[in-house]
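Secondary and tertiary structure notes
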Amino acid sequence: GAGVSQSPSNKVTEKGKDVELRCDPISGHTALYWYRQSLGQGLEFLIYFQGNSAPDKSGLPSDRFSAERTGGSVSTLTIQRTQQEDSAVYLCASSFIQGGGNTIYFGEGSWLTVV
Amino acid sequence: GNSVTQMEGPVTLSEEAFLTINCTYTATGYPSLFWYVQYPGEGLQLLLKATKADDKGSNKGFEATYRKETTSFHLEKGSVQVSDSAVYFCAPLRGSNYKLTFGKGTLLTVNP
């Protein structure tokens, strides 16, 4: 597609429920990233995919968070047993790393509210 | 690893005023440098970038020059508009070339 597409754009869920957030990167982009943006913490890196593998998942805050990518394209971020502190905007981004250069493009984000 | 010190906001200006948002970074090697902008209720948009020392990135009237000697990448615009009201983020891209490190963001409000 023309840009990084994320769904849902807004999600309200009850504490303790699981949520799945989807990201469709720019066509041809091999790298995919998840970031989280919350009021108190700013922009936090969560995980990086190159193809279908995740060489860096150091930013995932707990084992309730997981992510996968299939077919070198779509990625899903799953949060199990959601807590109120999970409320944030989850931003997906993608890029094509070439010749030492890398420009990262972001989606509009998925706004998650845990009540 | 990389870190970023970005001018704290909020910054409030009148239309047509001159804008500077300071950004300094620490990094190993020579990172690429980016400014992203986030308009109210939207995601991050790439504003401009510079990939090596003395490069100047520019877009929509904004400019920033990669200053290796001062490890800075200050954002400037000669005449701001109301539509420039947004949060601006400075971000070096670490030497391993995949992870952006963001500053805390600077909220800019431009009044008519």
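Scroll up for the structure.
Rules and cut-offs
- Position labels on residues start from 1 in each chain and follow its written sequence.
- In the order they appear in the text, chains get letters beginning with A and ligands get numbers beginning with 1.
- In keeping with the predicted nature of the model, local features appear solely for residues at pLDDT of at least 70, side-chain atom pairs appear and are counted solely at 80 or more, and the whole-chain, interface and lining totals rest on all residues.
- Excluded from the side-chain calculations are hydrogens and water; all other atoms, namely the structure's heavy atoms, are used.
- Think of a salt bridge as a Lys or Arg side-chain nitrogen and an Asp or Glu carboxyl oxygen that are within 4 Å of each other.
- Think of it in three bands: with a 1.4 Å probe and only protein chains considered, a residue is buried below 20% of the maximum accessible area for its type, exposed above 50%, and partly exposed in between.
- For the purposes of this entry, the term helix denotes a DSSP run of H or I that reaches at least four residues, the term strand denotes a run of E that reaches at least two, and both are numbered from the N terminus.
- Each pair of aromatic rings taken from Phe, Tyr and Trp, with Trp reduced to its six-membered ring, is defined by centres within 6.5 Å and is described as stacked if the planes are under 30 degrees apart, edge-to-face if over 60, and tilted in the remaining cases.
- The rule for pairing is simple: two strands pair if DSSP sees at least two bridges between them.
- Think of each axis as a best-fit line through the C-alpha atoms, taken over the contacting stretch in the case of a helix, with angles from 0 to 180 degrees between the N-to-C directions.
- Contacts are assigned to residue pairs that have any heavy atoms within 4.5 Å of one another.

Some words on the pattern of salt bridges
- The tally for this structure, following the rule as stated, stands at 7 salt bridges over all chains.
- Its salt-bridge partner being Arg22 of chain A, residue Asp24 of chain A comes within 3.9 Å of it at the nearest N-O pair.
- Given the relative accessible area of 28%, Asp24 of chain A is considered partly exposed.
- Judged by relative accessible area, Arg22 of chain A falls into the partly exposed class, the value being 40%.
- Linking Asp56 of chain A and Lys99 of chain B is a salt bridge whose minimum nitrogen-to-oxygen distance equals 3.1 Å. Taken together, the positions of Asp56 of chain A in strand E6 (residues 53-56) and Lys99 of chain B in the loop between strand E10 (86-93) and strand E11 (106-111) put the pair across two chains. Here the two residues Asp56 of chain A and Lys99 of chain B agree in accessibility, since each one is buried.

Brief notes about the packing of aromatic side chains
- Counting across every chain of the model gives 11 aromatic pairs over all chains.
- When the centroid spacing of 5.7 Å and the interplanar angle of 75 degrees are considered together, the rings of Tyr35 of chain A and Phe45 of chain A count as edge-to-face. With Tyr35 of chain A in strand E4 (residues 31-38) and Phe45 of chain A in strand E5 (residues 42-50), this pair connects stretches of sequence that are 10 residues apart.
- The class of Tyr35 of chain A is buried, set by a relative accessible area of 0%.
- A relative accessible area of 11% places Phe45 of chain A in the buried class.
- Taken together, Tyr35, Phe45 and Phe106 of chain A together with Phe34, Tyr36, Phe89 and Phe102 of chain B form an aromatic cluster joined through their ring pairs.

Considering the sheet that holds strand E5 (residues 32-38) of chain B
Residues and elements named next belong to chain B.
- Overall, mixed pairing links the 5 strands, which are arranged E2-E11-E10-E5-E6 in an open sheet. Only two strands of the sheet have a single neighbouring strand rather than two, namely strand E2 (11-14) and strand E6 (44-50). Within this sheet the neighbouring strands show an average axis-to-axis angle of 25 degrees, counted without direction.
- Pairing of E10 with E11, which is carried by 3 bridges, proceeds in the antiparallel orientation. By the bridge assignment for E11, Tyr88 is matched with Thr106.

Regarding the sheet that holds strand E7 (residues 56-59) of chain B
All names here are of chain B.
- Sheet architecture is open: 4 strands sit in the order E3-E9-E8-E7, paired in antiparallel fashion. Of all the strands in the sheet, just strand E3 (19-21) and E7 have a single pairing partner and so form its edges. Along the sheet, successive strands turn relative to each other by an average axial angle of 15 degrees, direction set aside.
- Looking at chain direction, E7 and strand E8 (residues 62-65) are connected through 4 bridges and run antiparallel. Directly across from Asn59, in E8, lies its bridge partner Phe62.

Things to note about the pairing of strand E1 (residues 3-6) of chain B
Residue and element names in this part refer to chain B.
- Only one face of E1 is covered, namely the one carrying Val4 and Gln6; the face carrying Ser3 and Thr5 has none of its residues buried.
- Examined bridge by bridge, E1 and strand E4 (residues 23-26) share 4 bridges and lie antiparallel to one another. Pairing of Thr5 across the sheet is with Thr24, part of E4.

Thoughts on the environment of Gln38 of chain B
- As for its position among the elements, Gln38 of chain B is in strand E5.
- Gln38 of chain B gets classed as buried once you look at its relative accessible area, which sits at 10%.
- The spacing of Gln38 of chain B and Phe89 of chain B is 51 residues in sequence and 8.0 Å in space, taken between C-alpha atoms.
- When sequence neighbours within four positions are dropped, the list of residues in contact with Gln38 of chain B reads Gln37 of chain A together with Gly43, Leu44, Ala86, Val87 and Phe89 of chain B.

Re the pairing of E10 of chain B
Residue and element names in this part refer to chain B.
- For E10, the buried fraction is high: 7 of the 8 residues fall into the buried class.
- Both E5 and E10 contribute to a ladder of 7 bridges, which runs antiparallel. By the bridge assignment for E10, Leu33 is matched with Pro92.

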